[in-house]
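Residue-level structural notes
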Amino acid sequence: MTRPGKKRARAVSGAPGGSRNEEPGEGGADEAVAFIAEQVAALRKLAERHKLDVLHYLLGMTQLEADEHLRLRSKRKLS
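As a starting point, this report considers the structure included with it. The shown structure was predicted, so the numbers you read here are calculated from the model rather than taken from an experiment. Every chain is numbered independently, its residues counted from 1 as its sequence is written. Local features in a predicted model are, by the rule used here, given only for residues with pLDDT of at least 70; side-chain atom pairs are given and counted only at 80 or more, and totals for whole chains, interfaces and linings are based on all residues. Side-chain descriptors were evaluated using all non-hydrogen atoms of the structure, hydrogens and water having been removed beforehand.

**Observations concerning the pattern of salt bridges**
For salt bridges, the criterion is a side-chain nitrogen of Lys or Arg within 4 Å of an Asp or Glu carboxyl oxygen. Under the counting rule described, the total for this entry stands at 2 salt bridges. With a closest N to O distance of 2.8 Å, Glu68 and Arg71 form a salt bridge. One end of the pair is Glu68 and the other is Arg71, both in helix 2 (residues 53–78) and 3 residues apart, which spans about a single turn. Relative accessibility thresholds used throughout: buried, under 20% of the residue-type maximum; exposed, over 50%; partly exposed, between the two (1.4 Å probe, protein chains only). Assessed through its relative accessible area of 41%, Arg71 is described here as partly exposed. Put simply, DSSP marks the helices as runs of H or I at least four residues long and the strands as runs of E at least two long, and each gets a number from the N terminus on.

**Some remarks on the environment of Glu38**
With respect to the element layout, Glu38 can be found in helix 1 (residues 29–49). Considered as a pair, Glu38 and Asp67 are 29 residues apart in the sequence and their alpha carbons are 9.8 Å apart.

**Some remarks on unusual backbone geometry**
Phi at Lys51 takes a positive value of approximately 55 degrees, unusual for a residue other than glycine. Structurally, the position occupied by Lys51 is in the loop between helix 1 and helix 2.

**Remarks on the packing of helix 1 against helix 2**
For helices, the fitted axis covers only the stretch in contact; all axes are lines through C-alpha atoms, and the angles between them, taken along N-to-C directions, range from 0 to 180 degrees. Interhelical geometry of helix 1 versus helix 2 gives an angle of 155 degrees and a closest axis separation of 9 Å. Accordingly, the angle class assigned to the pair helix 1 and helix 2 is roughly antiparallel. Helix-helix and strand crossings are classified by hand; for helix 1 and helix 2 the assignment is left-handed. Mapping the contact onto sequence places Asp30, Val33, Ala34, Ala37, Val40, Ala41, Leu43, Arg44, Ala47 and Glu48 in helix 1 and Leu55, His56, Leu59, Gly60, Thr62, Gln63, Ala66, Asp67, His69, Leu70, Arg73 and Lys77 in helix 2. A class-by-class count of the residues in the contact of helix 1 with helix 2 yields 11 nonpolar, 5 polar and 6 charged. Angle categories: roughly parallel below 35 degrees, roughly antiparallel above 145, roughly perpendicular from 65 to 115, and oblique for all the rest. Left-handed describes a crossing whose near helix is turned anticlockwise from the far helix by less than a right angle; the clockwise case is right-handed. Contact definition: two residues touch when any of their heavy atoms are within 4.5 Å. In this classification, Asp, Glu, Lys and Arg are treated as charged, Ala, Val, Leu, Ile, Met, Phe, Trp, Tyr, Cys and Pro as nonpolar, and every other residue, Gly included, as polar.

Rendered as structure tokens:
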């Protein structure tokens, strides 16, 4: 539900070749992945606390993927 007078932002589709239009103030992919990893960690704890085993597992996989992405990006930057 949106508030009167406010328009919902439309998702920006990626153009061929991987270029993306980013809103001012948004970080790049690395910042997005770091944010996602941080939020997923909190959600994973919540899922564990409420014994939501499948969600806990899936969020764990998401966290591993985000951490791996950040590890590989930082490794490339060092070379």
